[in-house]
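Inside the fold
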Amino acid sequence: MDAGDSALVWASPGVSLVSKRVLASPVSGPLSVAAPQPSPESAGVGGAANGAGGAANGALSRTPEVQMAEPLAASPPWIGDEMRYRRIMTPPVCVEPERMVTPDVAQTYMHNENLDPRLVPNFEMDFDSLEHAYEFYRHYAELAGFNIKRNRKRDKKESEGQEFCCSGEGKHKSKVAVVDRQRDHTSKRGGCKAMVLARTTGVDGRACYTHIVLEHNHKLVPTPSMTRRMRSHKKQDPAVVKLVDTMHAGHVAHVNVMRVLRRFAGGSENLHLTERDIQNRRAAQVREERVDDIPKLQAFFRECKLNNPQFFYEFQVDDKNVVKNVFWSHASQQGDYADYSGVVTFDTTYKTNQYSMPLAMFVGFNSQLQNVVFGQALLRDEKADTFEWLFKQFRACMGGRDPIVIFTDQDPSIEKAVREVFRSTYHRYCRWHVTNKYRLELNQLNAQHPGLSDTLTSVINHPLSPAEFVGAWEAMLDKYSVHESRVLAKLFDERKMWIASYFKEIFCGTMTSTQRSESVNNVVKRGYCDNSTTIHEFAKSFLECLEHTRENETRETYNSQGPSVPYTQYRYDKQLACVYTRAVYHEFKERFLSSTAFFVRPHPNKANYFLVSHTRPPTEFPWLQHEFWVKAIVKRDVPEESVFECECMRMEHTGMFCPHLVCVLTNLQVEHIPSKYIPKRYTREAKVATAFDRHDRMFSGPSGETKASRMLELLPDWCALQQSSVMSSEAVSKCKELLRQALDVVKEIPHDVGPSAPTAAAQNPVQEEQRVSASAPPVSNTKGGRRGSVAREGGDAVPAPHFNRPQTTEHTRRCSTCHRSGHNAATCGREPPPKRPRGRPVGSGRGRGRGGRKGGGGRGYVEEDDIDEEDYEMELDDECGSESEY
């Protein structure tokens, strides 16, 4: 043995503890030898080391005995490096040698020997039909742990026969070369001979097994986690499938769907549907939704019209009779317009459907200061004639009643249409759109002139008169020396259309911009649709959005039933607390708090005039007006004839008292506010009586019973029936039989509630609807997106559509010959590629699947288990569609 090999000696336990490398067990194998007896000198050194190690490590003083390793016969030169190989650790467990032998092809496998013999097929069994024979063999296969299929029929003149065999039967011959394979997915068909042949006997149609082979040439997997993935053992529970469809319709994420199903089934092992099955079902639903989009939209509108005849919708078609624009409004929306039609904002947003059609909405606010939508439309373009058609339909839907004021952006097409249709309506620009149009230029000015932003905001928002506004604007230009700014010049030239100082006498409520429209757009796009939603699904989702907002309004109305707690003990304050809604009274309390910063002085020469001044002198903006004249004529004997006016005119503009008037009311100890100063839309009695039913869905019977009340009436009996039936299998079978009989009887009874009510259909017949082509509209080109498309009327370049919808023309996204992009099918010289195996994406689904993008919906995949490659080409066109569709 070389001197270098002598280093292959175990260190003492003390050294092992210091280096934290202790051999837990003796090394087995050829390296394990008996440890030599130490010499007295080494024993003394080792004992000292042990003592030191034990004292240093406390509880670790009791160390295992370490063996000495015998060096190898031919050790590598580096094996003696004590720093690198201080120990020989236990090697990982390796496979047994007998496992490395090629499996015997003649070896067979059977079901578990503990399986009940009554569940194993034999020749003495007989069944009512071939279907019962198949079901028995399927149940046996599930317990044994293999998949089955119907192989071929073996009919004779006197009887019918059917083979049921293992899915591994036969051999597969691939039609795709190895280099062209796109997925490493081989066939499970390995020539398994396991099968049964069932054949009918006699004239009664009973069946029995005439040939049985139970041996398999592959292993069986009788575990629920494996068998539930086999196609023949998957069970479609109608209740579970309906629950899944309901969650998919509610845009529930896939991970949450699986969590609900696991809890519903008591664990994933009890769930007969895999995650891939859920994804495939969602993908199939998406494909089905995208078929016949326009006919489905018309069917939904007919249903809404049947639910409530007040529902209004109208289509505009192009020269090819394809839908160009569509407008609709529900009965509840028309009722809201009858209550709150004074102020309307109109705006368009994008990417709410797969055709990129802008969503145009007419939005207002209710007595709770919440957003309400009066009507909505999907438009193909944003030209003047399109907006003119839309405004005419909106006006006809609302009975020819024009709004007082309408806020829009600075679109010349909208401005032209408003002048043509709403002749008695004041048209003003949205303040946010005006300033946002020059956002970059204003940011540069603010960076060059610190303080300009705050000054500009004060000039815009402060209640100045037109002359005072001009003076304040000139003072701002002088202070920051920005007379040459083109942006500020353009803003000043358009001041009459967006500065409140020029239309303070017009009632605008709490709206000075289209911010409420933007808020509704955000709710719709975040919770109810995306850029892949079809039109009919978007219409249904929008109705759900309306129901959501209606629920919020109902909750706030219910909370406002009782009188609000008065902010003070003043008589007029108690009156407003009882009259105003809770939200409006909260705004009044903010005005009351602001009024405490003013003091009142009567006019020395004019009676009933008061000068309201701010307690702090103007320092930061000396041009700001901090004094306002208020006229207050209080008639205590006839309170309704009292007069209150303020120079700021905020009460005329918003309909609520300004801080200056509140300060005077407090100073004069006013006891009663005349009704002419309290708009009805701010009170608890804001709703007016309409000649039509406001409910979008009529679910009440002739006696006043609702659908919900009837369900609650039946619920106790259902629960008692279920609890009594589940205690025995015989009771469950009897209960199911009686329920099927009861269902057949109930179906024959005509409905008196909901869309199927014959009385409603007879009293309100549906008018003949407009003829519309079933073709889907093309992708819209609108403003506000990316560059690179044709120009629209009166505007800049129109963005390219963000969603490339497949077209049925020669110049498609993919060549119809080779299914590749980038060239024309007429000049294509390539060979068609092999069709992909199953398992590729087949549709767009909700949530985030493999290959999908977050938020926009993942893709569903066809189940890849148990499918033979020779069936790919046959099943691809039936279930997934041709390759050019993707």
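Residues numbered from 1 in each chain as written. Predicted model: local features only at pLDDT ≥ 70, side-chain atom pairs only at ≥ 80, totals over all residues. Heavy atoms only, no water.

Per an unreviewed UniProt entry, the protein goes by the name Protein FAR1-RELATED SEQUENCE and belongs to Urochloa decumbens. Note on the protein: under the UniProt heading Function (unreviewed entry), the record states "Putative transcription activator involved in regulating light control of development." The Sequence similarities (unreviewed entry) comment attached to the protein in UniProt states, word for word, "Belongs to the FHY3/FAR1 family." (UniProt positions renumbered as here; feature names shortened; annotations may be inferred.)

**Digging into the overall build of the protein**
If you tally the helices and strands in the protein, you get 27 helices and 20 strands. When contacts within the protein are restricted to residue pairs at least 6 apart in sequence, those whose partners lie at least 24 apart make up 63%. (Helix = DSSP H or I, 4+ residues; strand = E, 2+ residues; numbered from the N terminus. Contact = heavy atoms within 4.5 Å.)

**Digging into helix α6 (residues 254–265)**
Here α6 is 12 residues long and its end C-alpha atoms lie 17 Å apart, about the 16 Å a rise of 1.5 Å per residue gives. Listed in full, the buried residues belonging to α6 are His 254, Val 257, Met 258 and Leu 261. Buried residues in α6, looked at end-on, bunch into an arc of 95 degrees, giving them a common side. For α6, exposure combined with an orientation more than 90 degrees from the buried face picks out Val 255 and Arg 263. Where α6 is buried, its residues contact α5 (238–249) and α7 (275–289). (Expected span 1.5 Å × (residues − 1). Buried < 20%, exposed > 50% of the residue type's maximum accessible area, 1.4 Å probe, protein only. Arc of directions from axis to C-beta.)

**Examining helix α3 (residues 130–144)**
Its 15 residues give α3 an end-to-end C-alpha distance of 21 Å, which sits within 8% of 21 Å, the value for a rise of 1.5 Å per residue. Listed as buried for α3 are Leu 130, Ala 133, Tyr 134, Phe 136, Tyr 137, Arg 138, Tyr 140, Ala 141, Glu 142 and Ala 144. Buried residues belonging to α3 abut β1 (126–127), β2 (148–153), β3 (161–166), β4 (195–201), β5 (206–213) and α4 (224–227). Following α3 by one or two positions, Gly 145 adopts a phi angle in the positive range, close to 100 degrees.

**Concerning the side chain of Gln 575**
Here Gln 575 shows up in helix α20 (residues 571–579). By relative accessible area, which is 16% here, Gln 575 ends up buried. The residues contacting Gln 575, other than those within four sequence positions of it, are Glu 671, His 672, Ile 673 and Ile 678.

**Overview of a nonpolar patch on the surface**
The grouping of Leu 712, Leu 714, Leu 715, Trp 718, Leu 721 and Leu 739 at the surface amounts to a nonpolar patch, some 560 Å² of accessible area in total. The greatest single-element share of the nonpolar patch, amounting to 5 residues, is contributed by helix α24 (residues 707–725). Its place among the elements puts Leu 721 in helix α24. A relative accessible area of 34% places Leu 721 in the partly exposed class. (Patch = residues over 30% accessible without salt bridge, like charges linked within 9 Å, V, L, I, M, F, W, Y side chains within 5 Å. Areas by Shrake-Rupley, 256 points an atom, 1.4 Å probe, with all protein chains shown as cover. Salt bridge = Lys/Arg side-chain N within 4 Å of Asp/Glu carboxyl O.)

**Remarks on the sheet that holds β4**
Across the sheet, which stays open at both edges, the 5 strands sit in the order β1-β5-β4-β3-β2 with antiparallel pairing between neighbours. In this open sheet, the two strands that pair with only one neighbour each are β1 and β2. Bridge analysis of β3 against β4 gives 5 bridges, and the strand direction is antiparallel. From the neighbouring strand, Phe 164 faces β4, where its bridge partner is Val 196. (Pairing = 2+ DSSP bridges.)

**Digging into the confidence of the model for the protein**
Of all residues in the protein, 72% attain a pLDDT of 70 or more, and the chain-wide mean is 76. For the protein, helix α27 (residues 872–879) is the element with the lowest average pLDDT, namely 33, and helix α10 (residues 384–397) is the one with the highest, namely 95. Segment residues 1–63 is flagged for pLDDT under 50; beyond a separation of four residues in sequence, or across chains, it makes 64 contacts in the model. Per-residue pLDDT stays below 50 along residues 785–814; that stretch engages in 65 contacts with residues further than four places along the chain or on separate chains. (pLDDT = per-residue confidence, 0-100.)

**Describing the packing of aromatic side chains**
Under the defined criterion, the tally for this structure stands at 40 aromatic pairs. With centroids separated by 5.7 Å and ring planes inclined at 35 degrees, the aromatic side chains of Trp 473 and Phe 492 adopt a geometry described as tilted. Of the two residues, Trp 473 is situated in helix α15 (residues 466–480) and Phe 492 in helix α16 (residues 486–493); the sequence distance between them amounts to 19 residues. This pair shows no difference in class: Trp 473 is buried, exactly as Phe 492 is. Here a set of aromatic residues connected by ring pairs shows up, and it is made of Phe 312, Phe 327, Tyr 337, Phe 346, Phe 362, Phe 374, Phe 387, Phe 391, Phe 394 and Phe 422. The ring of Tyr 134 has Arg 150 sitting right over it, with the charged end atom 3.8 Å from the ring centre. (Phe/Tyr/Trp six-rings, centres within 6.5 Å; stacked < 30°, edge-to-face > 60°. Lys NZ or Arg CZ within 6 Å of the ring centre and 35° of its normal.)

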